[in-house]
Amino acid sequence: MNFEYFIARHIAPDKSENYAKPVVRISFVSIALGLALMIVSIAVVVGFKNSISAKIIGFTAHLQIVPFDNNESAEETPLIADTLLLQKLRSQKDIVHVQLTARKAAVLKTGDQIQGVVLKGIGPDYRTDFLEESLVEGRLPDVFAENRTDEVMVSQYLADLLHLKPGDDLRAWFITGEEARARGRKFVISGIYKTSLEEFDSRFIIGDIRHIRRLNGWGNDQAGSIEVYLNDEDHLRETALELHRTTPYDMRVLTVLDEYPQIFNWLELLDMNVIVILVLLVSVSAITMISTLLVLIIERTRLYHFTGNDLG
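All values derive from a computational prediction rather than experimental measurement.

Rules behind the numbers
Residues numbered from 1 in each chain as written. Predicted model: local features only at pLDDT ≥ 70, side-chain atom pairs only at ≥ 80, totals over all residues. Heavy atoms only, no water. Core = buried A, V, L, I, M, F, W, Y, C linked by side-chain atoms within 4.5 Å. Buried < 20%, exposed > 50% of the residue type's maximum accessible area, 1.4 Å probe, protein only. Helix = DSSP H or I, 4+ residues; strand = E, 2+ residues; numbered from the N terminus. Contact = heavy atoms within 4.5 Å. Pairing = 2+ DSSP bridges. Arc of directions from axis to C-beta. Salt bridge = Lys/Arg side-chain N within 4 Å of Asp/Glu carboxyl O.

### Description of the nonpolar core
Piece 1. Core analysis: the largest hydrophobic core is formed by 68 residues, its most contacted members being Ile56, Leu63, Leu89, Leu131, Leu170 and Ile226.
Piece 2. Ranked by residue count, the leading element in this core is strand β3 (residues 95-109), at 6 residues.
Piece 3. Aside from chain neighbours lying at most four places away, what touches Leu170 is Leu108, Thr110, Val152, Val154, Leu164, Arg185, Lys186, Phe187 and Ile189.

Put into structure tokens, the structure is as follows:
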């Protein structure tokens with residue numbers, strides 16, 4: 001006979017123990033609800049963390065190779081991404097995708113609104129699956145065309161703030177280098193995206209990297225950063241260290257954890273909430289089980305004294 005079933009059958013209340021039966025049923029329900037709440041709390045927190053992490057990585061990649069300098073502004077220092085370097089990166093077993101991007105600060109101006117943003121330039125090598133998932137209206141800019149495109153994609157946040165929609169013209173102003181005069185560019189909105197992360201939605205518009213190269217006077221092999229996607233993000237630090245050893249001396253490797261530490265530190269704090277919830281629920285379940293056993297013992301003891309029957 002199963003040992004657990006044997007114990008449960010002997011301590012379960014029989015027909016004569018009317019007082020203990022509802023207590024046992026209530027304890028069963030309490031323990032079941034506690035277990036369900038533990039599962040739900042863990043699932044919600046883990047799912048939330050994975051969702052936020054996936055959005056950040058989808059927008060910025062696991063790793064970024066940038067110039068080795070102290071520049072923290074939106075005006076990036078260019079790096080030379082020659083064919084040899086890109087082939088070397090793509091040959092790494094832990095790397096699944098490599099793409100070139102660039103960023104440049106801009107000011108958007110409409111009829112009655114002015115908003116500071118960052119233009120993120122992408123090219124034909126860009127991994128667009130995340131942007132396609134985040135697209136809520138319109139389409140992605142045609143950066144795969146042979147000639148430079150004037151199409152850009154803005155966030156739902158900026159579209160609501162500036163009263164924009166796909167097909168509208170958008171005027172952007174840029175300051176380049178030591179120039180005191182702003183340089184204007186006229187874009188056409190091709191689509192609207194939404195990541196639900198204010199860090200991205202309030203800042204970035206997506207356009208052709210060739211606009212940034214032209215504004216900064218860069219060559220076709222120059223970019224602001226090289227974004228790298230990995231097949232196993234659990235080895236993020238190890239892969240970053242390995243790439244740091246193999247990349248040129250004038251470049252450094254940043255992880256997504258280094259670029260957005262405030263967000264990932266906040267996500268780690270959620271683990272403490274889960275631990276507190278689990279401790280409380282386990283404590284309640286343990287108290288419920290102990291109380292139920294005490295009720296059963298008291299009930300059996302009372303029956304034994306009144307009937308003189310053996311409990312076995």
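### Notes on the pairing of strand β8 (residues 183-193)
Piece 1. For strand β5 (residues 135-138) and β8, the ladder comprises 3 bridges, and the chain directions are antiparallel. Bridge pairing links Glu137 to Ile192 in β8.
Piece 2. The pairing of strand β6 (residues 151-155) with β8 spans 5 bridges and is classified as parallel. Residue Val152 lies in a different strand from β8, and its bridge partner there is Ile189.
Piece 3. In this structure, strand β7 (residues 169-174) lies alongside β8, joined through 6 bridges in antiparallel fashion. What sits directly across from Trp173, in β8, is Gly184.

### With respect to helix α3 (residues 83-90)
Piece 1. Among the residues of α3, Leu85, Leu86 and Leu89 are the ones counted as buried. Taken end-on, α3 shows its buried residues confined to a sector of 95°, consistent with a single buried face. Relative to its buried face, α3 has exposed residues pointing more than 90 degrees away, namely Thr83, Leu84 and Gln87.
Piece 2. The secondary structure elements touched by the buried residues of α3 are β1 (63-67), β2 (79-80), β3, β11 (225-230), α8 (236-246) and β12 (251-255).

### Some remarks on the pattern of salt bridges
Piece 1. A full pass over the atoms with the stated rule returns 10 salt bridges.
Piece 2. Residues Arg127 and Asp129 are paired through a salt bridge, measuring 3.3 Å at the closest nitrogen-oxygen approach.
Piece 3. Glu151 is the salt-bridge partner of Arg139, the closest N and O atoms lying 2.4 Å from each other. With a gap of 12 residues between them, Arg139 in the loop between β5 and β6 and Glu151 in strand β6 connect regions that are remote in the sequence.
Piece 4. According to the relative accessible area criterion, Glu151 is buried, its value standing at 16%.

Scope: geometric values only; no functional claims are made or implied.
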